[in-house]
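Structural overview
Spelled out, the chains give:
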Amino acid sequence: MLIVMKADATETQVSGVVSVIQELRLKPHVMPGATRTAIGITGNQGAVDPSHFENLPGVAEAIRVSKPYKLITLDLRPDKTVVRVGDATIGSDELAIIAGPCAIESRAQAFAIAEAVRRSGARFFRGGAFKPRTSPYAFQGLGEEGLKLLAEIREMYGLKIVTEALDESGVDLVEKYGDVIQIGARNMQNFSLLRRAGRSSLPILLKRGLSATLDEWLLAAEYIMAEGNYQIILCERGIRTFAQHTRNTLDLAAIPAVRRLSHLPVIVDPSHGTGRNFMVTPLARAGVAVGADGLIVEVHDQPDHALSDGAQALTLDQYEQLVSEVRAIHEVIAPAAVV
Ligand code: PEP
Ligand code: MN
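Figured I'd write up the structure that's included with this text. The model shown is predicted, which means the values in this text are computed figures rather than measured ones.

1. Describing the overall build of the chain
A count of helices and strands for the chain gives 9 helices and 14 strands. By the compact-globule yardstick of 20 Å for 339 residues, the chain fits well, its C-alpha radius of gyration being 21 Å. Seen through its C-alpha atoms, the chain measures out along the principal axes to roughly 65 × 40 × 40 Å. For the chain, with 339 residues in total, the buried portion stands at 53%. Within the chain, contacts between residues separated by at least 24 positions form 69% of all contacts whose residues are at least 6 apart in sequence. Surface summary for the chain: the accessible area is close to 14500 Å², and the carbon and sulfur share equals 51%. In the chain, 35 side chains carry a positive charge and 39 a negative one; their mean positions are 2 Å apart.

In C-alpha cells form, the structure reads like this:
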C-alpha cells in the first residue's frame, strides 16, 4: 500500500496517517518529495485495506502496490534520491567519483593513492579493509588497522570513505571509521547483513550480485530500505557470462533499466566490470555516457605489486586522465541524463 498525500497536506496530517499505520502494527516510510509526500507501508503479509486511509485528512490516494518492490520504486518517490555524505553527494547533478585501491595494503600505499584521488577533485576514497577473496589463502585485508588508515585519510584529505563490510560485525566497525558501507557482490543476498545495513545511519553502496537479475538486485535494496535506511547507491559491477575476454560482463543496460524503475542513484564499476586495466577507461566513459550517477574505480600507485586486483588497477596517471575524460562526457550529457 502506498499513500499519496495531497500537495498541500500538513505535517500534522502526515503524522495522522503515520499513526494509523502504526496502530495497524505496520511500518510507515515517509518520503517527502518536490511536489507531494508519499508514505510507503511495509510489514503486511496480505493486502492492506485502503479504506483505513482514504478518508483521512490530507490523503489524496491510497494505492495498492502490485509490484514486488514498494520502496525503491518511482511510484513512491518520483524524484531521484540524492545520497548525501556530508557536503558530497551521489545522485545529484554532480558526477560522483569514488576511487582508490582494491585493498588498503600499507600506510605508504594508501596515502600515495589518496593524494592523487584528492588532487583529481574526487570526493570519495575507496579501499577494502576486509576483502572477500575467492581463496582463503589470498590477502584478506588489514582489518581494523586498515579502517584506521582510512579514517586518517578522511582527516587529512577530507575524502569520504567507502569501504566494505563483510558481515554484521564489520558494519559496526565501518560505522566507526567510514562514511559509506559497501556491500559486495558476493553478499548481495546476505539477508541478515542487508537488514543490519538497513538499521545503519550510513549510506549503503549495494553492488549487484555476480549472477543477480535486476529484480533480485532491487529487492536486495528493498531489504535495506524496509528497515528504514533510504540512503542507498546501486552499483553495476558486471555479471558472469560466457565471455572470456573480460573478468565480468559490464551490463550497462542496467543503468537505464534501473532508472526506469527506481529513484535510487546508480553508479558503474568499470574495474570489476572488466578486470583488465586497458578496458577500464573506455567502459568508464561508456558508463557515464549511459547516464550513471558516478563511478567507482580501482587505482594503485604500483599496480604490479598490488596485493589484490592489480590487473584491473589504473596507474595514478591513467586515473587522472580518466577523470578528465569522464568529466567532459558528463558535462555534455548531464542535461539528458534525467531519462
Ligand atoms: C571490491 O570492490 O573490491 C569488490 C570486492 O567488489 P565486488 O564485490 O564487486 O567484487
Ligand atoms: Mn577489487
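2. So, the site of ligand 1
Taken together, 13 residues surround ligand 1, and among them Arg-126, Lys-131, Ala-185, Arg-186 and Arg-237 come closest. With respect to ligand 1, the side chain of Gln-182 contributes an N or O atom lying 2.9 Å from an oxygen atom. Protein chains bury 97% of the 290 Å² of accessible surface belonging to ligand 1 in isolation. Residue composition of the shell around ligand 1, grouped by class: 3 nonpolar, 3 polar and 7 charged.

3. Digging into helix α6 (residues 214-226)
An ideal rise of 1.5 Å per residue puts 18 Å on 13 residues; α6 measures up with 18 Å between its terminal C-alpha atoms. Those residues of α6 that are buried are in contact with β2 (27-32), α5 (191-198), β11 (204-207), β12 (232-236), α7 (254-261) and β13 (266-268). One or two steps after α6, the chain reaches Gly-228, where phi turns positive at roughly 110°.

4. Considering the coordination of the manganese ion (ligand 2)
Six octahedral donors around a metal ideally make angles of 90 or 180 degrees; four tetrahedral donors ideally make 109.5 degrees. All of the protein donors around the manganese ion (ligand 2) are Cys-102 (SG), His-272 (NE2), Glu-298 (OE) and Asp-309 (OD); their distances to the metal are 2.0 to 2.4 Å. Between consecutive donors of the manganese ion (ligand 2), the numbers of intervening residues give the motif C-x169-H-x25-E-x10-D. Of this pair, Cys-102 sits in the loop between β7 (96-100) and α2 (107-119) while Glu-298 is found in strand β14 (residues 294-298), placing the two residues 196 residues apart along the sequence. Each member of the pair, Cys-102 together with Glu-298, is buried.

5. Things to note about the sheet that holds strand β1 (residues 2-5)
Ordered in space as β2-β3-β1-β4, the 4 strands form an open sheet in which the pairing is antiparallel. In this open sheet, the two edge strands, each paired with only one partner strand, are β2 and β4 (59-63). Each adjacent strand pair in this sheet contributes to an overall mean axis angle of 20°, direction not counted. Relative to β4, β1 runs antiparallel, the two sharing 4 bridges. From the neighbouring strand, Met-5 faces β4, where its bridge partner is Val-59. Running at roughly 155° to β2, helix α1 (residues 11-23) makes contact with β1, β2, β3 (37-42) and β4 of the sheet.

6. Examining the packing of aromatic side chains
The final tally for this structure, using the stated rule, is 2 aromatic pairs. With a centroid separation of 6.1 Å and an interplanar angle of 55°, the aromatic rings of Phe-111 and Tyr-157 are classed as tilted. A residue pair is termed long-range when its members are at least 10 positions apart, and Phe-111 in helix α2 and Tyr-157 in helix α3 (residues 144-157) qualify at 46 residues. Considered together, Phe-111 and Tyr-157 belong to a single accessibility category, that of buried residues.

7. Overview of the packing of α3 against helix α4 (residues 168-177)
Two elements in contact, α3 and α4, have axes whose closest approach is 9 Å; the angle formed by their N-to-C orientations is 25°. Here α3 lies roughly parallel to α4, going by the angle between them. In the packing of α3 onto α4, the handedness of the crossing is right-handed. Across the interface between the two elements, Glu-144, Leu-147, Lys-148, Ala-151 and Arg-154 from α3 touch Leu-173, Val-174, Lys-176 and Tyr-177 from α4. Here the contact of α3 with α4 is composed, by residue class, of 5 nonpolar, no polar and 4 charged.

8. Considerations on the environment of Pro-32
In this structure, Pro-32 sits in strand β2. Separated by 32 residues in sequence, Pro-32 and Arg-64 place their C-alpha atoms 19 Å apart. Sequence-distant contacts of Pro-32, defined by excluding residues within four places in its chain, comprise Thr-37 and Arg-77.

Conventions and cut-offs
- Residues numbered from 1 in each chain as written.
- Chains lettered and ligands numbered in written order.
- Predicted model: local features only at pLDDT ≥ 70, side-chain atom pairs only at ≥ 80, totals over all residues.
- Heavy atoms only, no water.
- Helix = DSSP H or I, 4+ residues; strand = E, 2+ residues; numbered from the N terminus.
- Rg over C-alpha atoms; globule rule 2.2 N^0.38 Å.
- Buried < 20%, exposed > 50% of the residue type's maximum accessible area, 1.4 Å probe, protein only.
- Contact = heavy atoms within 4.5 Å.
- Areas by Shrake-Rupley, 256 points an atom, 1.4 Å probe, with all protein chains shown as cover.
- Lys, Arg positive; Asp, Glu negative; His and termini not counted.
- Charge placed at Lys NZ, Arg CZ, Asp CG, Glu CD.
- Near = heavy atom within 4 Å.
- Polar contact = N/O pair within 3.5 Å; in protein donor to acceptor, adjacent residues only side chain to side chain.
- Nonpolar A, V, L, I, M, F, W, Y, C, P; charged D, E, K, R; others polar.
- Expected span 1.5 Å × (residues − 1).
- Donors = N, O, S within 2.8 Å, 3.2 Å for Na, K, Ca; no water.
- Pairing = 2+ DSSP bridges.
- Axes fitted to C-alpha atoms, helices over the stretch in contact; angles between N-to-C directions.
- Phe/Tyr/Trp six-rings, centres within 6.5 Å; stacked < 30°, edge-to-face > 60°.
- Parallel < 35°, antiparallel > 145°, perpendicular 65-115°, else oblique.
- Left-handed = near helix turned anticlockwise from the far one by under 90°.

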